[in-house]
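So you can see what is in the structure, the chains are spelled out below.
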2 protein chains.
Amino acid sequence: MPVQDVDAGAHTIISTLDRLFRLLRRILPPDNLSLTAASALKRLEAGETLRLTDLSVLEGITQPAMTQLVSRLEKDNLAERVKDPRDGRVVLIRITGAGREALRARREVRAQRLGELLAALPDADREAIVAALPALDRLIEIGNAGT
Amino acid sequence: MPVQDVDAGAHTIISTLDRLFRLLRRILPPDNLSLTAASALKRLEAGETLRLTDLSVLEGITQPAMTQLVSRLEKDNLAERVKDPRDGRVVLIRITGAGREALRARREVRAQRLGELLAALPDADREAIVAALPALDRLIEIGNAGT
DNA sequence: TATTGTTATACTCTATAACTATA
DNA sequence: TATAGTTATAGAGTATAACAATA
(Lines give C-alpha, C1' and ligand atoms only; values in the text may rest on other atoms or scores of the structure.)
Protein backbone atom coordinates (compact mmCIF):
# COMPACT_ATOMS: atom_id res chain seq x y z
CA MET A 1 0.00 0.00 0.00
CA PRO A 2 1.51 3.35 -0.99
CA VAL A 3 1.75 5.94 1.77
CA GLN A 4 -0.77 8.26 0.10
CA ASP A 5 -3.45 5.58 0.54
CA VAL A 6 -2.86 5.22 4.26
CA ASP A 7 -5.88 7.32 5.17
CA ALA A 8 -8.23 5.34 2.97
CA GLY A 9 -6.79 2.18 4.50
CA ALA A 10 -7.29 3.57 7.98
CA HIS A 11 -11.01 4.03 7.35
CA THR A 12 -11.37 0.43 6.25
CA ILE A 13 -9.30 -0.93 9.11
CA ILE A 14 -11.24 1.02 11.72
CA SER A 15 -14.57 -0.07 10.32
CA THR A 16 -13.60 -3.74 10.43
CA LEU A 17 -12.08 -3.50 13.90
CA ASP A 18 -15.14 -1.73 15.30
CA ARG A 19 -17.42 -4.50 14.08
CA LEU A 20 -14.99 -7.16 15.25
CA PHE A 21 -14.87 -5.55 18.66
CA ARG A 22 -18.63 -5.70 19.07
CA LEU A 23 -18.70 -9.29 17.86
CA LEU A 24 -16.07 -10.39 20.36
CA ARG A 25 -17.87 -8.64 23.17
CA ARG A 26 -21.06 -10.43 22.25
CA ILE A 27 -19.49 -13.89 22.26
CA LEU A 28 -17.71 -13.19 25.55
CA PRO A 29 -19.35 -15.10 28.40
CA PRO A 30 -21.27 -12.69 30.63
CA ASP A 31 -20.26 -14.03 34.04
CA ASN A 32 -16.59 -13.54 33.46
CA LEU A 33 -13.86 -10.97 33.65
CA SER A 34 -14.50 -7.71 31.84
CA LEU A 35 -12.01 -6.47 29.29
CA THR A 36 -10.67 -3.89 31.72
CA ALA A 37 -10.35 -6.27 34.64
CA ALA A 38 -8.70 -8.92 32.49
CA SER A 39 -6.27 -6.44 30.99
CA ALA A 40 -5.12 -5.24 34.40
CA LEU A 41 -4.89 -8.78 35.75
CA LYS A 42 -2.82 -9.84 32.75
CA ARG A 43 -0.42 -7.03 33.51
CA LEU A 44 -0.14 -8.25 37.10
CA GLU A 45 0.19 -11.85 36.02
CA ALA A 46 3.46 -11.17 34.24
CA GLY A 47 5.40 -9.42 37.00
CA GLU A 48 5.47 -9.55 40.77
CA THR A 49 3.70 -6.46 42.13
CA LEU A 50 2.89 -3.09 40.60
CA ARG A 51 2.14 0.27 42.15
CA LEU A 52 -1.41 1.46 41.65
CA THR A 53 -0.27 4.56 39.81
CA ASP A 54 2.00 2.60 37.48
CA LEU A 55 -0.83 0.20 36.74
CA SER A 56 -3.16 3.09 35.90
CA VAL A 57 -0.60 4.54 33.49
CA LEU A 58 0.06 1.17 31.86
CA GLU A 59 -3.67 0.60 31.40
CA GLY A 60 -4.27 4.12 30.16
CA ILE A 61 -6.88 5.06 32.77
CA THR A 62 -6.88 7.59 35.57
CA GLN A 63 -5.71 6.92 39.10
CA PRO A 64 -9.22 7.08 40.59
CA ALA A 65 -10.45 4.67 37.93
CA MET A 66 -7.69 2.26 38.88
CA THR A 67 -8.46 2.67 42.59
CA GLN A 68 -12.01 1.54 41.85
CA LEU A 69 -10.93 -1.28 39.57
CA VAL A 70 -8.52 -2.60 42.20
CA SER A 71 -11.28 -2.37 44.81
CA ARG A 72 -13.53 -4.47 42.60
CA LEU A 73 -10.76 -6.98 41.96
CA GLU A 74 -10.06 -7.14 45.70
CA LYS A 75 -13.74 -7.63 46.49
CA ASP A 76 -13.75 -10.63 44.15
CA ASN A 77 -10.46 -11.86 45.60
CA LEU A 78 -8.72 -11.65 42.21
CA ALA A 79 -6.02 -9.21 43.37
CA GLU A 80 -4.89 -7.70 46.66
CA ARG A 81 -3.36 -4.51 48.00
CA VAL A 82 0.05 -4.83 49.67
CA LYS A 83 1.74 -2.09 51.68
CA ASP A 84 5.13 -0.86 50.57
CA PRO A 85 7.35 -0.90 53.70
CA ARG A 86 9.65 1.69 52.13
CA ASP A 87 7.00 4.33 51.39
CA GLY A 88 3.79 4.61 53.36
CA ARG A 89 1.98 6.41 50.55
CA VAL A 90 2.43 3.60 48.06
CA VAL A 91 -0.03 0.76 47.41
CA LEU A 92 1.31 -2.30 45.61
CA ILE A 93 -1.09 -4.56 43.74
CA ARG A 94 -0.63 -8.31 43.46
CA ILE A 95 -2.66 -10.93 41.60
CA THR A 96 -4.07 -13.81 43.66
CA GLY A 97 -4.27 -17.50 42.84
CA ALA A 98 -7.95 -17.04 42.10
CA GLY A 99 -7.02 -14.19 39.77
CA ARG A 100 -4.65 -16.42 37.84
CA GLU A 101 -7.29 -19.12 37.61
CA ALA A 102 -9.89 -16.61 36.39
CA LEU A 103 -7.53 -15.51 33.64
CA ARG A 104 -6.90 -19.11 32.64
CA ALA A 105 -10.62 -19.89 32.46
CA ARG A 106 -11.32 -16.73 30.49
CA ARG A 107 -8.62 -17.55 27.98
CA GLU A 108 -9.95 -21.03 27.53
CA VAL A 109 -13.57 -20.03 26.99
CA ARG A 110 -12.83 -17.17 24.65
CA ALA A 111 -10.33 -19.13 22.58
CA GLN A 112 -12.85 -21.92 22.30
CA ARG A 113 -15.56 -19.56 21.04
CA LEU A 114 -13.30 -17.78 18.59
CA GLY A 115 -11.83 -21.14 17.57
CA GLU A 116 -15.29 -22.26 16.48
CA LEU A 117 -15.60 -19.23 14.22
CA LEU A 118 -12.07 -19.65 12.86
CA ALA A 119 -12.71 -23.29 12.08
CA ALA A 120 -15.52 -22.22 9.77
CA LEU A 121 -13.19 -20.00 7.75
CA PRO A 122 -11.27 -21.11 4.66
CA ASP A 123 -7.64 -21.95 5.38
CA ALA A 124 -6.46 -18.95 3.37
CA ASP A 125 -8.48 -16.60 5.59
CA ARG A 126 -7.05 -18.04 8.78
CA GLU A 127 -3.58 -17.70 7.31
CA ALA A 128 -4.17 -14.08 6.33
CA ILE A 129 -5.33 -13.23 9.85
CA VAL A 130 -2.41 -14.98 11.52
CA ALA A 131 -0.01 -13.32 9.09
CA ALA A 132 -1.27 -9.88 10.13
CA LEU A 133 -0.73 -10.40 13.86
CA PRO A 134 2.96 -9.43 14.03
CA ALA A 135 2.17 -6.27 12.07
CA LEU A 136 -0.68 -5.44 14.44
CA ASP A 137 1.59 -6.03 17.42
CA ARG A 138 4.06 -3.54 16.01
CA LEU A 139 1.20 -1.09 15.43
CA ILE A 140 0.20 -1.44 19.08
CA GLU A 141 3.78 -0.91 20.14
CA ILE A 142 3.97 2.31 18.13
CA GLY A 143 0.67 3.50 19.57
CA ASN A 144 1.68 2.75 23.13
CA ALA A 145 5.05 4.41 22.71
CA GLY A 146 3.27 7.69 22.06
CA THR A 147 1.58 7.59 25.47
CA MET B 1 -2.57 -23.08 9.39
CA PRO B 2 -3.77 -26.66 9.99
CA VAL B 3 -7.11 -27.04 11.72
CA GLN B 4 -5.61 -28.64 14.81
CA ASP B 5 -3.72 -25.41 15.51
CA VAL B 6 -6.85 -23.27 15.42
CA ASP B 7 -7.08 -23.08 19.20
CA ALA B 8 -3.48 -21.99 19.62
CA GLY B 9 -4.09 -19.40 16.91
CA ALA B 10 -7.23 -18.23 18.67
CA HIS B 11 -5.26 -17.43 21.84
CA THR B 12 -2.78 -15.32 19.91
CA ILE B 13 -5.47 -13.55 17.91
CA ILE B 14 -7.49 -12.69 21.01
CA SER B 15 -4.46 -11.37 22.84
CA THR B 16 -3.52 -9.07 19.99
CA LEU B 17 -7.10 -7.88 19.45
CA ASP B 18 -7.61 -7.13 23.14
CA ARG B 19 -4.55 -4.90 23.19
CA LEU B 20 -5.54 -3.33 19.88
CA PHE B 21 -8.98 -2.46 21.22
CA ARG B 22 -7.58 -0.75 24.27
CA LEU B 23 -5.23 1.21 22.04
CA LEU B 24 -8.03 2.30 19.72
CA ARG B 25 -10.14 3.37 22.66
CA ARG B 26 -7.27 5.43 24.02
CA ILE B 27 -6.65 7.28 20.75
CA LEU B 28 -10.36 8.06 20.37
CA PRO B 29 -11.01 11.72 21.11
CA PRO B 30 -12.92 12.09 24.38
CA ASP B 31 -15.54 14.58 23.25
CA ASN B 32 -16.86 12.38 20.52
CA LEU B 33 -19.24 9.53 19.84
CA SER B 34 -18.75 6.42 21.92
CA LEU B 35 -18.29 3.09 20.20
CA THR B 36 -21.84 2.07 21.05
CA ALA B 37 -23.44 5.31 19.92
CA ALA B 38 -21.40 5.36 16.72
CA SER B 39 -22.24 1.76 15.91
CA ALA B 40 -25.97 2.37 16.25
CA LEU B 41 -25.78 5.60 14.27
CA LYS B 42 -23.87 3.86 11.49
CA ARG B 43 -26.64 1.32 11.29
CA LEU B 44 -29.19 4.12 10.98
CA GLU B 45 -27.05 5.99 8.47
CA ALA B 46 -27.33 3.19 5.93
CA GLY B 47 -31.13 2.76 5.81
CA GLU B 48 -34.14 4.98 6.32
CA THR B 49 -35.62 4.17 9.73
CA LEU B 50 -35.33 1.17 12.03
CA ARG B 51 -37.57 -0.12 14.80
CA LEU B 52 -36.07 0.12 18.26
CA THR B 53 -36.30 -3.63 18.77
CA ASP B 54 -34.64 -4.39 15.43
CA LEU B 55 -31.87 -1.97 16.25
CA SER B 56 -31.28 -3.61 19.63
CA VAL B 57 -31.03 -7.04 17.96
CA LEU B 58 -28.70 -5.76 15.27
CA GLU B 59 -26.47 -4.14 17.87
CA GLY B 60 -26.55 -7.16 20.13
CA ILE B 61 -27.87 -5.36 23.21
CA THR B 62 -31.14 -5.63 25.11
CA GLN B 63 -34.25 -3.63 24.39
CA PRO B 64 -33.97 -1.52 27.57
CA ALA B 65 -30.33 -0.77 26.77
CA MET B 66 -31.39 0.42 23.34
CA THR B 67 -34.18 2.52 24.81
CA GLN B 68 -31.58 4.31 26.91
CA LEU B 69 -29.13 4.66 24.06
CA VAL B 70 -31.79 6.16 21.81
CA SER B 71 -32.77 8.55 24.60
CA ARG B 72 -29.16 9.71 24.86
CA LEU B 73 -28.90 10.11 21.08
CA GLU B 74 -32.17 12.05 21.07
CA LYS B 75 -30.97 14.30 23.90
CA ASP B 76 -27.92 15.15 21.80
CA ASN B 77 -30.07 15.59 18.69
CA LEU B 78 -28.18 12.83 16.84
CA ALA B 79 -31.27 10.66 16.25
CA GLU B 80 -35.01 10.98 16.76
CA ARG B 81 -38.01 8.83 17.56
CA VAL B 82 -40.73 8.65 14.89
CA LYS B 83 -44.18 7.13 15.41
CA ASP B 84 -45.23 4.30 13.15
CA PRO B 85 -48.72 5.20 11.83
CA ARG B 86 -49.46 1.53 11.15
CA ASP B 87 -48.72 0.22 14.67
CA GLY B 88 -49.03 2.35 17.78
CA ARG B 89 -46.65 0.17 19.77
CA VAL B 90 -43.74 0.66 17.41
CA VAL B 91 -41.05 3.33 17.71
CA LEU B 92 -39.01 4.04 14.61
CA ILE B 93 -35.55 5.56 14.95
CA ARG B 94 -34.08 7.95 12.42
CA ILE B 95 -30.66 9.59 12.26
CA THR B 96 -30.58 13.40 12.11
CA GLY B 97 -28.39 15.68 10.04
CA ALA B 98 -26.33 16.39 13.15
CA GLY B 99 -25.97 12.63 13.60
CA ARG B 100 -24.60 12.23 10.11
CA GLU B 101 -22.19 15.09 10.66
CA ALA B 102 -21.02 13.59 13.97
CA LEU B 103 -20.29 10.31 12.20
CA ARG B 104 -18.37 12.09 9.50
CA ALA B 105 -16.26 14.03 12.00
CA ARG B 106 -15.59 10.90 14.03
CA ARG B 107 -14.44 8.98 10.99
CA GLU B 108 -12.11 11.76 9.98
CA VAL B 109 -10.47 12.14 13.39
CA ARG B 110 -10.03 8.45 14.03
CA ALA B 111 -8.71 7.72 10.55
CA GLN B 112 -6.26 10.56 10.95
CA ARG B 113 -4.97 9.20 14.27
CA LEU B 114 -4.71 5.64 13.07
CA GLY B 115 -3.20 6.90 9.81
CA GLU B 116 -0.36 8.45 11.79
CA LEU B 117 0.39 5.12 13.41
CA LEU B 118 0.09 3.24 10.12
CA ALA B 119 2.46 5.67 8.43
CA ALA B 120 5.13 4.70 10.95
CA LEU B 121 4.86 1.02 10.00
CA PRO B 122 6.97 -0.68 7.34
CA ASP B 123 5.13 -1.11 4.03
CA ALA B 124 5.06 -4.88 4.47
CA ASP B 125 3.22 -4.52 7.79
CA ARG B 126 0.58 -2.24 6.31
CA GLU B 127 0.11 -4.69 3.49
CA ALA B 128 -0.27 -7.62 5.88
CA ILE B 129 -2.93 -5.77 7.86
CA VAL B 130 -4.88 -4.72 4.78
CA ALA B 131 -4.63 -8.24 3.39
CA ALA B 132 -6.27 -9.64 6.53
CA LEU B 133 -9.31 -7.35 6.41
CA PRO B 134 -11.44 -9.42 4.01
CA ALA B 135 -10.77 -12.49 6.12
CA LEU B 136 -11.79 -10.61 9.28
CA ASP B 137 -14.93 -9.40 7.56
CA ARG B 138 -15.86 -12.97 6.75
CA LEU B 139 -15.12 -13.94 10.36
CA ILE B 140 -17.50 -11.22 11.54
CA GLU B 141 -20.12 -12.42 9.10
CA ILE B 142 -19.87 -15.96 10.46
CA GLY B 143 -20.08 -14.70 14.02
CA ASN B 144 -23.10 -12.54 13.33
CA ALA B 145 -24.87 -15.31 11.46
CA GLY B 146 -24.88 -17.37 14.66
CA THR B 147 -26.87 -14.71 16.47
C1' DT C 1 -52.61 -13.21 25.31
C1' DA C 2 -48.53 -11.56 22.70
C1' DT C 3 -45.69 -7.77 21.24
C1' DT C 4 -43.37 -3.26 21.81
C1' DG C 5 -41.35 -0.27 24.44
C1' DT C 6 -40.36 2.12 29.03
C1' DT C 7 -39.26 2.43 33.91
C1' DA C 8 -36.87 0.80 38.03
C1' DT C 9 -32.81 -0.83 39.80
C1' DA C 10 -28.09 -2.33 39.95
C1' DC C 11 -23.39 -2.98 38.43
C1' DT C 12 -19.02 -1.86 35.64
C1' DC C 13 -16.16 1.56 33.81
C1' DT C 14 -14.76 5.99 33.10
C1' DA C 15 -13.81 11.05 34.23
C1' DT C 16 -12.82 15.45 37.07
C1' DA C 17 -12.52 17.74 41.47
C1' DA C 18 -11.69 17.70 46.23
C1' DC C 19 -9.63 15.46 49.90
C1' DT C 20 -6.19 12.70 53.17
C1' DA C 21 -1.85 10.79 54.30
C1' DT C 22 2.92 10.54 53.71
C1' DA C 23 7.40 12.28 52.09
C1' DT D 1 5.11 21.73 48.80
C1' DA D 2 4.84 17.42 46.06
C1' DT D 3 3.39 12.67 45.54
C1' DA D 4 0.24 8.57 46.20
C1' DG D 5 -4.00 7.24 46.76
C1' DT D 6 -9.06 7.70 48.07
C1' DT D 7 -13.64 9.72 48.15
C1' DA D 8 -17.38 12.29 45.97
C1' DT D 9 -19.96 12.89 42.10
C1' DA D 10 -21.50 12.33 37.40
C1' DG D 11 -22.39 10.01 33.13
C1' DA D 12 -22.26 6.06 29.58
C1' DG D 13 -23.35 1.46 28.90
C1' DT D 14 -24.98 -2.83 30.20
C1' DA D 15 -28.34 -6.29 32.47
C1' DT D 16 -32.83 -8.30 34.58
C1' DA D 17 -37.42 -7.63 36.32
C1' DA D 18 -41.66 -5.28 36.42
C1' DC D 19 -44.76 -2.39 34.07
C1' DA D 20 -47.86 0.12 30.40
C1' DA D 21 -49.75 0.49 25.96
C1' DT D 22 -51.25 -1.49 21.82
C1' DA D 23 -52.46 -5.33 18.79
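Above this note sits the structure.
Residues numbered from 1 in each chain as written. Chains lettered and ligands numbered in written order. Predicted model: local features only at pLDDT ≥ 70, side-chain atom pairs only at ≥ 80, totals over all residues. Heavy atoms only, no water.

A. Examining the protein's contact with DNA strand C more closely. The local shell around DNA strand C holds 26 residues, among which Ser 34 of chain A together with Thr 53, Gln 63, Thr 67 and Val 91 of chain B are the closest. Considering the 4 Å shell around the protein, atoms of DNA strand C inside it are sugar or phosphate in 71% of instances. Gln 68 of chain A has a polar side-chain atom sitting 3.1 Å from a base nitrogen of DNA strand C. One of the side-chain N or O atoms of Arg 81 of chain B is found 2.9 Å from a phosphate oxygen in DNA strand C. Among the elements of the structure, helix H4 (63-75) of chain A together with helix H1 (6-27), helix H3 (52-59) and helix H4 (63-75) of chain B are those that each provide at least two residues to the surface near DNA strand C. (Near = heavy atom within 4 Å. Polar contact = N/O pair within 3.5 Å; in protein donor to acceptor, adjacent residues only side chain to side chain. Helix = DSSP H or I, 4+ residues; strand = E, 2+ residues; numbered from the N terminus.)

B. Structural view of the protein's contact with DNA strand D. Taken together, 26 residues lie around DNA strand D, and Thr 53, Gln 63, Thr 67 and Val 91 of chain A together with Ser 34 of chain B are the ones closest in. Gln 63 of chain A places a polar side-chain atom, nitrogen or oxygen, 2.5 Å from a base nitrogen of DNA strand D. Here a phosphate oxygen of DNA strand D and a backbone polar atom of Thr 62 of chain B are 2.9 Å apart. Along the lines of polarity and charge, the residues of the surface near DNA strand D split into eight nonpolar, nine polar and nine charged. (Nonpolar A, V, L, I, M, F, W, Y, C, P; charged D, E, K, R; others polar.)

C. Summary view of the interface of chain B and chain A. With 59 residues of chain B in contact, the opposing surface of chain A contributes 59 residues. Remark: the boundary between chain B and chain A carries twelve salt bridges. Across the pair Arg 110 of chain B and Asp 18 of chain A runs a salt bridge whose closest N-O atoms are separated by 2.4 Å. Seen at the junction of chain B and chain A, the total is 13 residue pairs in polar contact (both at pLDDT 80 or more). Looking at the side of chain B that touches chain A, the elements that each hand over two or more residues are H1, helix H2 (35-46), helix H5 (97-119) and helix H6 (123-145) of chain B. The dominant element in the side of chain B that touches chain A, judged by the number of residues it contributes, is H6 of chain B, at 19 residues. Among the residues forming the side of chain B that touches chain A, the class breakdown is 31 nonpolar, ten polar and 18 charged. (Contact = heavy atoms within 4.5 Å. Salt bridge = Lys/Arg side-chain N within 4 Å of Asp/Glu carboxyl O.)

D. Seen up close, H6 of chain B. All names here are of chain B. If you check H6, its first and last C-alpha atoms are 34 Å apart, about what 23 residues at 1.5 Å a residue would give, namely 33 Å. Its maximal kink placed at Leu 133, H6 deviates by approximately 35°, while the proline Pro 134 follows within four residues. Listing the buried residues of H6 in full gives Asp 125, Arg 126, Ile 129, Ala 132, Leu 133, Ala 135, Leu 136, Leu 139, Ile 140 and Gly 143. (Expected span 1.5 Å × (residues − 1). Bend = angle between axes of the 7 residues up to and from the residue. Buried < 20%, exposed > 50% of the residue type's maximum accessible area, 1.4 Å probe, protein only.)

E. Spatial organisation of the packing of helix H3 (residues 52-59) of chain A against H4 of chain A. Residue and element names in this part refer to chain A. Contact geometry of H3 with H4 gives a least axis separation of 9 Å together with a crossing angle of 105°. With respect to each other, H3 and H4 are oriented roughly perpendicular. When H3 is examined against H4, the residues Leu 52, Thr 53, Leu 55, Ser 56 and Glu 59 are found in contact with a partner set consisting of Gln 63, Met 66, Thr 67 and Val 70. In the contact of H3 with H4, the residues fall into four nonpolar, four polar and one charged. (Axes fitted to C-alpha atoms, helices over the stretch in contact; angles between N-to-C directions. Parallel < 35°, antiparallel > 145°, perpendicular 65-115°, else oblique.)

F. Here's a closer look at the sheet that holds strand E2 (residues 79-83) of chain A. All names here are of chain A. The sheet built from three strands is open, its strands ordered E1-E3-E2 with antiparallel pairing. Two strands in the sheet have a free side with no partner beyond their single neighbour: strand E1 (50-51) and E2. Direction of pairing for E1 relative to strand E3 (residues 91-95): antiparallel, over a ladder of two bridges. By the bridge assignment for E3, Leu 50 is matched with Ile 93. Running at roughly 115° to E2, H4 makes contact with E2 and E3 of the sheet. (Pairing = 2+ DSSP bridges.)

G. Summary view of the relation of the copies chain B and chain A. In the superposition of chain B on chain A (RMSD 0.1 Å, axial shift 0.0 Å), the rotation amounts to 180°. Taken together, the turn and the small shift mark the pair as related by a two-fold rotation axis. For chain B, the minimum C-alpha distance to the rotation axis belongs to Ala 132 of chain B and amounts to 3.1 Å. A shared binding surface is used by both copies, with 100% of the interface residues of chain B retained as interface residues in chain A. (Least-squares fit on C-alpha atoms with pLDDT ≥ 70 in both.)

H. Summary view of the pattern of salt bridges. Within the structure shown, the criterion is met by 34 salt bridges over all chains. As a salt-bridge pair, Glu 80 of chain B and Arg 94 of chain B come within 3.3 Å of each other at their nearest N and O atoms. Residue Glu 80 of chain B is found in strand E2 (residues 79-83), and its partner Arg 94 of chain B is found in strand E3 (residues 91-95); the two are separated by 14 residues along the sequence. Between Arg 104 of chain B and Glu 108 of chain B there is a salt bridge, with the nearest N and O atoms lying 2.8 Å from each other. You can see Arg 104 of chain B and its partner Glu 108 of chain B sitting in helix H5, four residues apart, about one turn around the helix. Judged by its relative accessible area of 48%, Glu 108 of chain B is partly exposed. Residues participating in the shared-partner salt-bridge network are Asp 18 of chain A together with Lys 42, Arg 106 and Arg 110 of chain B.

I. Inspection of the nonpolar core at higher detail. Core analysis: the biggest nonpolar cluster contains 43 residues, and Leu 20 and Leu 114 of chain A together with Leu 114 of chain B have the highest contact counts within it. Elements with a minimum of two residues in this core: helix H1 (6-27), helix H5 (97-119) and helix H6 (123-145) of chain A together with H1, H5 and H6 of chain B. Other than its neighbours up to four places away in sequence, Leu 20 of chain A contacts Leu 17, Phe 21, Leu 136, Leu 139 and Ile 140 of chain B. (Core = buried A, V, L, I, M, F, W, Y, C linked by side-chain atoms within 4.5 Å.)

The values reported here are purely geometric and, on their own, carry no functional implication.
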